[in-house]
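Here is how the chains run, residue by residue.
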Amino acid sequence: MREGIVSEKSSFSVWKVLGWMCLPLPYFIYQIILRMREHKQRETLNGKVVLITGASSGLGESLAHAFYTAGCRVVLASRRKDELERVRSDLLECYSTNPTHPPVVMPLDLTDVNGLQEKVAEILKIYGHIDVLVNNGGISVRSDALSLDISVDIKVMLVNYFGSVALTKAILPHMIQRREGRIVFVSSVQGKFAIPQRSAYAASKHALQAFADSLRAEVAEHNIGVTVVSPGYINTAMSINALTGSGASYGKMDAATSAGANPDDMAMEILRCVLRDAKDVVLAPITPRIAYFLRYLCPPLYFWIMARRALKLAAESNSKSQEVQ
């Protein structure tokens with residue numbers, strides 16, 4: 001009798017172990033399907049016209065390399081024409097043996113929202129259409145809200161939000177007419193939850209997230225995709241080029257940015273998001289992901305943690321100010 005009970009328990013344990021082993025199976029099957037879709041869609045990228053803002057450095061430059069090597073006709077856009085020419089030369093030199101299309105340099109300023117329509121018209125004269133718009137250009141801030149001059153709030157919102165929205169609206173009618181296209185918004189995990197000393201930046205990314213979510217639903221009937229990518233910190237010059245409360249350049253590489261993801265790796269992940277027809281993707285380590293869920297699942301704990309963080313940052317800032325004096 002005891003042997004029978006032991007046998008039944010052993011059998012039950014085996015099935016239990018097998019059951020636990022099978023739990024990840026749907027996930028792996030899903031990943032295989034995504035990989036297959038990615039491989040198939042990659043072939044369709046050849047010859048596509050891709051406009052990338054903020055392409056003169058950092059993640060934008062890496063995105064230019066990623067789409068260019070995929071066979072796309074890349075349009076490089078940012079304020080700095082000389083840096084765009086450098087990126088163009090790098091692309092032509094690095095992949096001189098590849099059958100690629102020469103990149104087009106298009107200087108533009110996202111703060112000039114009324115002039116973006118003309119820039120789009122110039123691109124349309126060259127290629128006739130734009131298949132993919134990658135809204136990557138943007139600036140960041142390092143300041144508490146009280147010390148942040150309202151002119152800096154306006155500038156950050158103008159570049160990160162209104163500039164991307166205006167450029168999107170200038171291109172969208174042509175995509176709708178062709179019933180084809182994709183709009184990509186490179187946002188941030190700070191568009192999902194806000195942290196101290198990033199009020200203007202987080203607000204602009206939250207606004208971008210909301211706009212993209214509404215837009216996605218509205219243009220679905222026209223066969224146009226909208227992808228929002230929310231990365232964590234990326235090892236670029238973002239913090240160096242960030243603005244202080246007065247609007248001056250922050251001019252320093254902070255530790256979090258320095259330890260961030262490789263921009264080339266992030267660019268390839270964003271390319272995969274486009275190939276997979278991803279709608280909304282967070283590309284960040286575990287800590288920002290936990291903070292994201294904590295914000296909605298346990299707000300009191302999240303608010304307490306952020307308040308502690310704000311106190312720590314304020315103390316560090318005061319300490320540095322005293323050292324300078």
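So, a few notes on the structure that sits alongside this text. If you're wondering where the values come from, they're calculated on a predicted model, not measured in any experiment.

1. Overview of the packing of aromatic side chains
Thinking step 1. Applying the stated rule across the entire model yields 8 aromatic pairs.
Thinking step 2. Geometrically, the ring pair formed by Tyr161 and Phe211 is edge-to-face, given 6.3 Å between the ring centres and 90 degrees between the ring planes. A residue pair is termed long-range when its members are at least 10 positions apart, and Tyr161 in helix H6 (residues 150-178) and Phe211 in helix H7 (residues 199-219) qualify at 50 residues.
Thinking step 3. Look at Tyr302 and Phe303: their rings are 5.7 Å apart centre to centre, the planes differ by 65 degrees, and that puts the pair in the edge-to-face class.
Thinking step 4. For Tyr302, a relative accessible area of 4% puts it in the buried group.
Thinking step 5. By relative accessible area, Phe303 is classed as partly exposed at 45%.
Thinking step 6. In textbook terms, an aromatic cluster arises when at least three aromatic residues are bridged by ring pairs, as seen for Tyr161, Phe162, Phe185 and Phe211.
Thinking step 7. In this arrangement the basic side chain of Arg295 is found over the ring face of Tyr296, its NZ or CZ atom lying 5.4 Å from the centre.

2. Re the layout of surface pockets
Vacant regions in the atomic arrangement are exposed by a probe of water-molecule size rolled over the atoms.
Thinking step 1. Considered as a void within the structure, the largest pocket measures approximately 1200 Å³ in volume.
Thinking step 2. Around the largest pocket, the lining comprises 45 residues; the ones closest to its centre are Pro196, Gln197, Arg198, Arg309 and Leu313.
Thinking step 3. For the lining of the largest pocket, the secondary-structure elements that each account for two or more residues are helix H8 (255-258), helix H10 (286-297) and helix H11 (299-324).
Thinking step 4. When residues of the lining of the largest pocket are assigned to their parent elements, the largest contribution, 12 residues, is made by H11.
Thinking step 5. One number sums up the size of the second largest pocket: a volume of about 990 Å³.
Thinking step 6. If you go around the second largest pocket, you meet 41 residues; those closest to its centre are Asn136, Gly137, Gly138, Ile139 and Met238.
Thinking step 7. Taken together, the elements giving at least two residues each to the lining of the second largest pocket come down to helix H3 (58-69), strand E2 (73-78), H6 and H7.
Thinking step 8. A total of 3 residues in the lining of the second largest pocket trace back to one element, the largest contributor, which is H3.

3. What to know about helix H4 (residues 81-94)
Thinking step 1. Here H4 is 14 residues long and its end C-alpha atoms lie 20 Å apart, about the 20 Å a rise of 1.5 Å per residue gives.
Thinking step 2. Against the buried residues of H4 lie H3, E2 and strand E3 (104-107).

4. Let's talk about the packing of H3 against H4
Thinking step 1. Their axes nearest at 11 Å, the elements H3 and H4 cross at an angle of 35 degrees. In this structure, the crossing between H3 and H4 has a hand that is right-handed. Together, Glu61, Ala64, His65 and Tyr68 of H3 and Arg86, Val87, Asp90, Leu91, Leu92 and Cys94 of H4 make up the contact between the two elements.
Thinking step 2. Residues belonging to the contact of H3 with H4 are distributed by class as follows: 6 nonpolar, 1 polar and 3 charged.

5. Considering the sheet that holds strand E1 (residues 49-53)
Thinking step 1. Within the open sheet, the 7 strands sit side by side as E3-E2-E1-E4-E5-E6-E7. Their pairing is parallel. Sheet topology places E3 and strand E7 (280-283) at the edges, where each strand pairs with a single neighbour. Averaged over all pairs of adjacent strands, the angle between their axes in this sheet comes to 15 degrees, without regard to strand direction.
Thinking step 2. Note: strand E6 (residues 224-231) against E7, 4 bridges, orientation parallel. Considered in E7, the bridge of Val229 is made with Val281.

6. Digging into a nonpolar patch on the surface
Thinking step 1. On the surface, Leu301, Trp304 and Ile305 cluster together into a nonpolar patch covering about 290 Å² of accessible area.
Thinking step 2. Checked against the element boundaries, Trp304 lands in helix H11.

7. Notes on the nonpolar core
Thinking step 1. Judged by nonpolar contacts, the single largest core of 40 residues is most densely connected at Leu51, Val75, Ile130, Leu167, Ile171 and Phe185.
Thinking step 2. Residue assignment for this core shows that the elements contributing at least two residues are E1, E2, E3, helix H5 (116-127), H6, strand E5 (181-186), H7 and E6.
Thinking step 3. With 10 residues, H6 is the single largest residue contributor to this core.
Thinking step 4. Not counting residues up to four positions away in its chain, the partners in contact with Val75 are Val49, Val50, Leu51, Ile52, Val104, Met106, Ile123 and Tyr127.
Thinking step 5. Of all hydrophobic cores here, the second largest spans 35 residues; its members include Leu76, Val186, Ile270 and Leu271.

Cut-offs and rules
Residues numbered from 1 in each chain as written. Predicted model: local features only at pLDDT ≥ 70, side-chain atom pairs only at ≥ 80, totals over all residues. Heavy atoms only, no water. Phe/Tyr/Trp six-rings, centres within 6.5 Å; stacked < 30°, edge-to-face > 60°. Helix = DSSP H or I, 4+ residues; strand = E, 2+ residues; numbered from the N terminus. Buried < 20%, exposed > 50% of the residue type's maximum accessible area, 1.4 Å probe, protein only. Lys NZ or Arg CZ within 6 Å of the ring centre and 35° of its normal. 1 Å grid on protein atoms, 1.4 Å probe; cavity = no way out; pocket = protein on both sides within 12 Å on 5 of 7 lines; lining within 4 Å. Points joined across faces, edges and corners; volume = space filled by probe spheres on them. Expected span 1.5 Å × (residues − 1). Contact = heavy atoms within 4.5 Å. Axes fitted to C-alpha atoms, helices over the stretch in contact; angles between N-to-C directions. Left-handed = near helix turned anticlockwise from the far one by under 90°. Nonpolar A, V, L, I, M, F, W, Y, C, P; charged D, E, K, R; others polar. Pairing = 2+ DSSP bridges. Patch = residues over 30% accessible without salt bridge, like charges linked within 9 Å, V, L, I, M, F, W, Y side chains within 5 Å. Areas by Shrake-Rupley, 256 points an atom, 1.4 Å probe, with all protein chains shown as cover. Salt bridge = Lys/Arg side-chain N within 4 Å of Asp/Glu carboxyl O. Core = buried A, V, L, I, M, F, W, Y, C linked by side-chain atoms within 4.5 Å.

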